[in-house]
Amino acid sequence: MTRSHNERCPDCKKSVRNLLAARFGIVEVNWDLGLPCTMEDYKNTSQGAVLATIYDALKKHRGFDHFVRSKKLPRVDFFIPDRSLIFEFDESQHFTKPRDITLSHYPEYREFGFSLRRWRTLCQQLHKRDNDPPFRDEQRAWYDTLRDFAPILSGLGRTVRLYSRDAVWCSLNPNNESDLHAFEQFIPRKV
């Protein structure tokens, strides 16, 4: 019996790791950036005003005030130490109304490692919801925002985002030049 492929394929994330290793070298999986995640921690930083605007917009969306339940930002999917790059592998549950709200407040003058327009479009098209706990969408959107701003806050390269449904990632072989080239098409040229 053949299983149909879906975005939660465990081999896809392993393949992304192997493709990143073939492209960049050492890859740290589930890397701890060591960053805090409460708004209070960022008030007096260079991005404090932008983050406060985003945080307040999330609070106003459905009235949840206490969606940050951790003192430390959860780990990132992949980190490339030689290039100081963060890679996040976004499944559909990341494309929610709260995530669209956060992205709408990102500064237009700043470049990120993914297309803000495309991510917003995916949020609007997919319009996913995860209400367990009830504030989960706001929480995930805030943590994703902090991961996006982590390079600015801590002097790293960029946060690059890959969408799980953009490819059957597990079908790409890191030892095949053609597959590696196909994978590289999903990475912004400026990283």
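The structure contained in this document is the topic of the report that follows. In this text, all values refer to a predicted model and were calculated from it rather than measured experimentally.

Quick look at the pattern of salt bridges now. This structure, assessed with the given rule, holds 19 salt bridges. Three or more residues are tied together by salt bridges with common partners; here these are Glu-88, Asp-90, Arg-99, Asp-144, Arg-147, Asp-148 and Arg-161.

Another point: helix α2 (residues 48-62). Here α2 contains 15 residues, and its C-alpha end-to-end distance of 22 Å stays within 8% of the 21 Å for a straight helix at 1.5 Å per residue. Within the span of α2, buried status applies to Gly-48, Val-50, Leu-51, Ile-54, Tyr-55, Ala-57 and Leu-58. Next to the buried residues of α2 lie α3 (97-104) and α5 (136-154). Following α2 by one or two positions, Gly-63 has its phi on the positive side, about 85°.

Pairs of packed helices are described in terms of their axes, by the angle between the two and the distance that separates them. It is the contact of α3 with α5, at a shortest axis distance of 8 Å, that shows an interaxial angle of 35°. Judged by the twist between their axes, the crossing of α3 over α5 is right-handed. Counting all contacts with α3, which are made through Pro-98, Arg-99, Thr-102 and Leu-103, the residues of α5 involved are Asp-137, Glu-138, Ala-141, Asp-144, Thr-145 and Asp-148. Here the contact of α3 with α5 is composed, by residue class, of three nonpolar, two polar and five charged.

Sheets are built from strands paired through backbone hydrogen bonds, the pairs being either parallel or antiparallel. Strand order in the open sheet made by the four strands is β1-β2-β3-β4, with mixed pairing throughout. The two strands at the open ends of the sheet, each matched to only one other strand, are β1 (28-31) and β4 (159-163). Taking the axes of each pair of neighbouring strands and ignoring which way they run, one obtains an average angle of 30° across the sheet. In this structure, strand β2 (residues 76-80) lies alongside strand β3 (residues 85-90), joined through three bridges in antiparallel fashion. Along β3, the bridge assignment pairs Ile-80 with Leu-85.

Another aspect to go through is the side chain of Gln-139. Turning to its location among the elements, Gln-139 is positioned in helix α5. A polar side-chain atom of Gln-139 sits 3.1 Å from a polar atom in the side chain of Arg-136. Dropping the residues within four chain positions of it, Gln-139 is found in contact with Phe-67 and Arg-69.

This part takes up unusual backbone geometry. The peptide bond linking Asp-132 to Pro-133 adopts the cis configuration, its omega dihedral lying at 0°. Structurally, the position occupied by Pro-133 is in the loop between α4 (116-126) and α5. The phi dihedral of Asn-30 is positive, around 55°, even though this residue is not glycine. With respect to the helices and strands, the residue Asn-30 is situated in strand β1.

What follows concerns the environment of Cys-37. Summarising the element assignment, Cys-37 is placed in the loop between β1 and α2. The class of Cys-37 is buried, set by a relative accessible area of 0%. Through-space distance from the C-alpha of Cys-37 to that of Arg-147 is 9.7 Å; in sequence the pair is 110 residues apart. The contact partners of Cys-37, leaving out residues within four places of it in the chain, are Tyr-42, Val-68, Ser-70, Lys-71, Lys-72, Leu-73, Trp-142, Tyr-143 and Leu-146.

What counts and how
- Residues numbered from 1 in each chain as written.
- Predicted model: local features only at pLDDT ≥ 70, side-chain atom pairs only at ≥ 80, totals over all residues.
- Heavy atoms only, no water.
- Salt bridge = Lys/Arg side-chain N within 4 Å of Asp/Glu carboxyl O.
- Helix = DSSP H or I, 4+ residues; strand = E, 2+ residues; numbered from the N terminus.
- Expected span 1.5 Å × (residues − 1).
- Buried < 20%, exposed > 50% of the residue type's maximum accessible area, 1.4 Å probe, protein only.
- Contact = heavy atoms within 4.5 Å.
- Axes fitted to C-alpha atoms, helices over the stretch in contact; angles between N-to-C directions.
- Left-handed = near helix turned anticlockwise from the far one by under 90°.
- Nonpolar A, V, L, I, M, F, W, Y, C, P; charged D, E, K, R; others polar.
- Pairing = 2+ DSSP bridges.
- Polar contact = N/O pair within 3.5 Å; in protein donor to acceptor, adjacent residues only side chain to side chain.

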